[in-house]
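As a plain string of letters, each chain reads:
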Amino acid sequence: MTEYGSFPGSRPRRLRVNPVMRRMVAETRVHPADLILPVFVREGISEPVAISTMPGVVQHTLDTLRKAAVEAASAGVSGIMLFGVPEEAKKDAMGSAGTDPDGILQAGIRAVKAEVGDDLVVMSDLCLDEFTDHGHCGVLDGEGRVDNDATLERYAEMAQVQADAGVHVVGPSGMMDGQIGVVRDALDTIGKEDVGILAYTAKYASAFYGPFREAVGSSLRGDRKTYQQDPANAREALRELALDVEEGADMVMVKPALPYLDILARIAEGTDLPVAAYQISGEYAMVEAAAEKGWIDRDAAILETLTGIKRAGASMILTYWATEAAHRL
């Protein structure tokens with residue numbers, strides 16, 4: 001005789017019985033519109049240059065940048081984040097190529113805007129590290145330290161030339177104190193009130209930036225621990241958040257993503273602004289390298305990482321898989 005009501009009475013597995021059931025009750029969904037594609041545009045090349053530490057990612061020419069932008073927009077990706085890679089001879093201590101109206105980053109902005117208009121949110125990295133001969137994110141003082149306030153003056157100039165080139169959103173990434181307020185004032189002063197600011201609110205001094213250094217041809221000597229956040233600190237990120245919001249940020253970001261999901265969750269709980277997370281070069285490279293060796297299922301791992309970032313609280317994800325993932329989603 002069957003004994004009804006026997007243990008277990010509650011069976012969560014009922015909601016996992018098949019793909020349609022799992023999809024129906026899924027608590028987190030990644031959509032193409034959540035994604036932003038970071039891209040590199042390099043001066044002085046006639047063909048794309050492969051980045052050895054980031055399989056499948058290249059330094060673009062202006063022509064292939066336009067093509068990548070069209071592909072991203074067609075896939076339903078919402079944004080594109082541009083990083084400029086100048087010719088080595090144009091680097092100097094002040095990062096002058098970064099504020100040259102005809103510099104490679106500004107040329108890239110104009111090229112993408114001309115190609116896709118408002119079909120993508122065109123974003124640009126607002127930092128000097130790609131353009132300085134010492135590779136730091138700002139101007140150095142006489143003792144070789146990054147001079148915060150002198151750097152802010154350069155960021156103001158950089159914001160204005162990027163805005164004049166047609167960018168929708170600037171992304172100050174140097175972690176200088178006061179950078180959001182200075183950039184906002186600089187944009188408003190020239191009548192660019194509609195240009196948004198994506199604040200790199202919690203950008204940590206991470207070991208996972210390695211492949212990015214190749215991608216931008218970095219000239220860095222030393223490290224950035226005096227201005228990027230200490231990986232040991234969490235509450236400090238909330239202080240940075242409060243400052244960025246007060247200074248006029250339109251969106252905020254956590255970078256890297258996967259090693260800092262706890263920070264991402266705390267930031268998302270602490271603001272009603274849109275929150276982005278940047279799945280950085282090292283995160284990308286780890287998955288690609290492990291998949292190449294057959295150690296993990298590449299496609300499943302990509303979707304799992306994006307889902308984890310979204311589940312932690314990101315409303316937007318910068319990822320080098322943006323266009324590919326959008327097609328699959």
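Small disclaimer: the values here were computed from a predicted structure and weren't measured.

K.L.:
Outline the packing of aromatic side chains, listing residues and values.
P.N.:
Evaluated as defined, the whole model comprises seven aromatic pairs. Ring centres 6.1 Å apart and planes at 50° place the aromatic pair Tyr278 and Tyr320 in the tilted group. Of this pair, Tyr278 sits in strand S9 (residues 275–278) while Tyr320 sits in the loop between strand S10 (316–318) and helix H11 (322–328), placing them 42 residues apart in sequence. Residue classification places Tyr320 among the buried residues on the basis of a relative accessible area of 9%. Through a chain of ring-to-ring contacts, three or more aromatic side chains come together here, namely Phe40, Phe83, Tyr278, Tyr284, Tyr320 and Trp321. The side chain of Lys203 reaches across the aromatic face of Tyr209, ending 6.0 Å from its centre.

K.L.:
Explain the pattern of salt bridges to me, using residue names and the numbers behind them.
P.N.:
Following the criterion strictly, the structure yields 15 salt bridges and no others. Salt-bridge contacts for Asp250 lead to Arg184; the nearest nitrogen and oxygen are separated by 3.7 Å. Separated by 66 residues along the polypeptide, Asp250 in the loop between helix H7 (235–247) and strand S8 (251–255) and Arg184 in helix H5 (residues 179–189) bring together distant segments of the chain. Residue Asp250 is classed as partly exposed on the basis of its relative accessible area, which comes to 34%. One salt-bridge network, in which partners are shared between bridges, spans Glu288, Arg298, Asp299, Glu324 and Arg328.

K.L.:
So what's going on with the pairing of strand S7 (residues 196–203)? Residues and values would help.
P.N.:
Counting buried residues along S7, eight of its eight residues qualify, which places the element largely inside the surrounding structure. Across two bridges, strand S6 (residues 169–172) lies against S7 in parallel orientation. Paired with Val170 across the strands is Ile197, a residue of S7. Regarding topology, H5 serves as the crossover connection from S6 to the parallel S7, and that connection is right-handed. Bridge count for S7 against S8 is four bridges, and the pairing is parallel. When the sheet's bridge partners are listed, Leu198 is paired in S8 with Met251.

K.L.:
Lay out the nonpolar core with the relevant residues and their values.
P.N.:
Ile80, Leu82, Tyr155, Ile263 and Tyr278 are the most contacted members of the largest nonpolar core, which totals 92 residues. Residues in contact with Ile263, not counting those within four places in the same chain, are Ala202, Tyr204, Asn233, Ala234, Ala237 and Val254.

K.L.:
Any chance you could break down the packing of H7 against helix H8 (residues 261–270) for me, citing the residues and the numbers?
P.N.:
H8 packs onto H7 with a crossing angle of 35° between their chain directions and a minimal axis gap of 10 Å. Between H7 and H8 lies a crossing of right-handed hand. Seen from H7, the contacting residues are Arg235, Ala237, Leu238 and Leu241; seen from H8, they are Ile263, Arg266, Ile267 and Gly270. Along the lines of polarity and charge, the residues of the contact of H7 with H8 split into five nonpolar, one polar and two charged.

K.L.:
Help me get a handle on the confidence of the model for the chain, residues and values and all.
P.N.:
As a note on interpretation, predicted positions should not be read in detail where pLDDT is low. Looking at the chain as a whole, the pLDDT averages 93, with 96% of positions reaching at least 70. Per-element confidence in the chain ranges from a low mean pLDDT of 73 for helix H6 (residues 210–215) to a high of 98 for S10.

K.L.:
Got a sec to walk through the environment of Leu318? Specific residues and values, please.
P.N.:
Mapping Leu318 onto the fold places it in strand S10. Along the chain, Leu318 and Phe7 lie 311 residues apart, while their C-alpha atoms are 46 Å from each other. Once you skip the residues sitting within four places of it in the chain, Leu318 turns out to touch Ile36, Pro38, Met81, Met253, Ala276, Ala277, Tyr278 and Gln279.

K.L.:
I'd like to hear about helix H9 (residues 281–292), residue by residue, with values.
P.N.:
For H9, built from twelve residues, the straight-helix expectation of 16 Å at 1.5 Å per residue is met to within 8% by its first-to-last C-alpha distance of 16 Å. Ser281, Gly282, Glu283, Tyr284, Ala285, Val287, Glu288, Ala290 and Ala291 are the residues of H9 that are buried. Gly294 sits one or two positions beyond H9 and adopts a positive phi of about 80°.

The rules behind the values
- Residues numbered from 1 in each chain as written.
- Predicted model: local features only at pLDDT ≥ 70, side-chain atom pairs only at ≥ 80, totals over all residues.
- Heavy atoms only, no water.
- Phe/Tyr/Trp six-rings, centres within 6.5 Å; stacked < 30°, edge-to-face > 60°.
- Helix = DSSP H or I, 4+ residues; strand = E, 2+ residues; numbered from the N terminus.
- Buried < 20%, exposed > 50% of the residue type's maximum accessible area, 1.4 Å probe, protein only.
- Lys NZ or Arg CZ within 6 Å of the ring centre and 35° of its normal.
- Salt bridge = Lys/Arg side-chain N within 4 Å of Asp/Glu carboxyl O.
- Pairing = 2+ DSSP bridges.
- Right-handed = clockwise from strand over helix to strand, strands pointing away.
- Core = buried A, V, L, I, M, F, W, Y, C linked by side-chain atoms within 4.5 Å.
- Contact = heavy atoms within 4.5 Å.
- Axes fitted to C-alpha atoms, helices over the stretch in contact; angles between N-to-C directions.
- Left-handed = near helix turned anticlockwise from the far one by under 90°.
- Nonpolar A, V, L, I, M, F, W, Y, C, P; charged D, E, K, R; others polar.
- pLDDT = per-residue confidence, 0-100.
- Expected span 1.5 Å × (residues − 1).

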